[in-house]
Amino acid sequence: MSLDITDFLSEFKDKYEKIKYIVNPGNAGDSMIVSATFKLFKDLGLDFSIHNSNEKYDGDVLVYAGGGNLTDKYHSLRNFLWSNHDRKNEILILPHTICHCTPLLNTIGSNVKIITRERVSYEYIKGNMRHPENAFLADDMAFHINNLEAYRNQSHIGTCNIFRLDVEKTNIKIPETNKDISRDFI
């Protein structure tokens, strides 16, 4: 069920001469996703240029950055899709967390492919897209960062509290020793 994003994007290279990469506004985590995406694009030899989500495009191949921007808390990706889904563009949304956008999903055509980064979002879009064959599931782009394995098996001592404090925070009690990484690296 899960898509190999490397193979998927390799097909993009064979099919399209140049793509327009649409930047996703965000925090340090989003910057990490962009860094990993650029590395993968370079490894695959994809020819791309960087563009803004506020523009209107016509007849272009558009690849929107991965992240969590298609929810009720953020609107950049939602606005981008409303402005560009019916303008002869081929659109690919890289792995995202998605919810609360059923009217949009019911409207977009077969020219829009959406990749989610977790099963809940995948099931949501698959059940609500007009073209569910264009719903995919793949790992977050951040997992393509170089040497990520070096951090997996290190021994650690103590407790690390890294809870978010922005609009994506939960209702849990935040410890005094908390470190919000998404704020620290902006």
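None of the values given here were measured: they were computed from a predicted structure. (Residues numbered from 1 in each chain as written. Predicted model: local features only at pLDDT ≥ 70, side-chain atom pairs only at ≥ 80, totals over all residues. Heavy atoms only, no water.)

1. Details of the overall build of the protein
Let me state the cut-off plainly: Secondary structure elements follow DSSP: runs of H or I of four or more residues count as helices, runs of E of two or more count as strands, with numbering from the N terminus. Categorising residues by exposure relies on relative accessible area from a 1.4 Å probe, with only protein chains included: less than 20% of the type maximum marks a residue as buried, more than 50% marks it as exposed, and the intermediate range marks it as partly exposed. Note on contacts: a residue pair is in contact if any heavy atoms of the two residues lie within 4.5 Å. With residues, only the protein chains shown are counted as cover, and all accessible areas are computed by Shrake-Rupley using a 1.4 Å probe.
The helix and strand tally for the protein stands at 6 helices and 7 strands. Beginning at the N terminus, the succession of helices and strands in the protein can be written as α-β-α-β-β-β-α-β-α-β-α-β-α. Across the 186 residues of the protein, 43% fall into the buried class. At a minimum sequence separation of 6, the contacts of the protein that also span at least 24 residues come to 59%. Summed over its atoms, the accessible surface of the protein is roughly 10700 Å², and 51% of this surface lies on carbon and sulfur atoms.

2. A word on the pattern of salt bridges
Note the following rule: Think of a salt bridge as a Lys or Arg side-chain nitrogen and an Asp or Glu carboxyl oxygen that are within 4 Å of each other.
Within the structure shown, the criterion is met by 5 salt bridges. With its nearest N and O atoms 3.4 Å apart, the salt bridge here joins Lys20 to Asp60. Of this pair, Lys20 sits in strand β1 (residues 19-22) while Asp60 sits in the loop between β2 (48-51) and β3 (61-64), and the two are 40 residues apart along the sequence. Look at Lys20 and you get partly exposed, because its relative accessible area is 24%. Across the pair Lys39 and Asp43 runs a salt bridge, and its minimum N-O distance is 2.3 Å. In this pair, Lys39 and Asp43 are both assigned in helix α2 (residues 28-44), 4 residues apart and thus about one turn of the helix distant.

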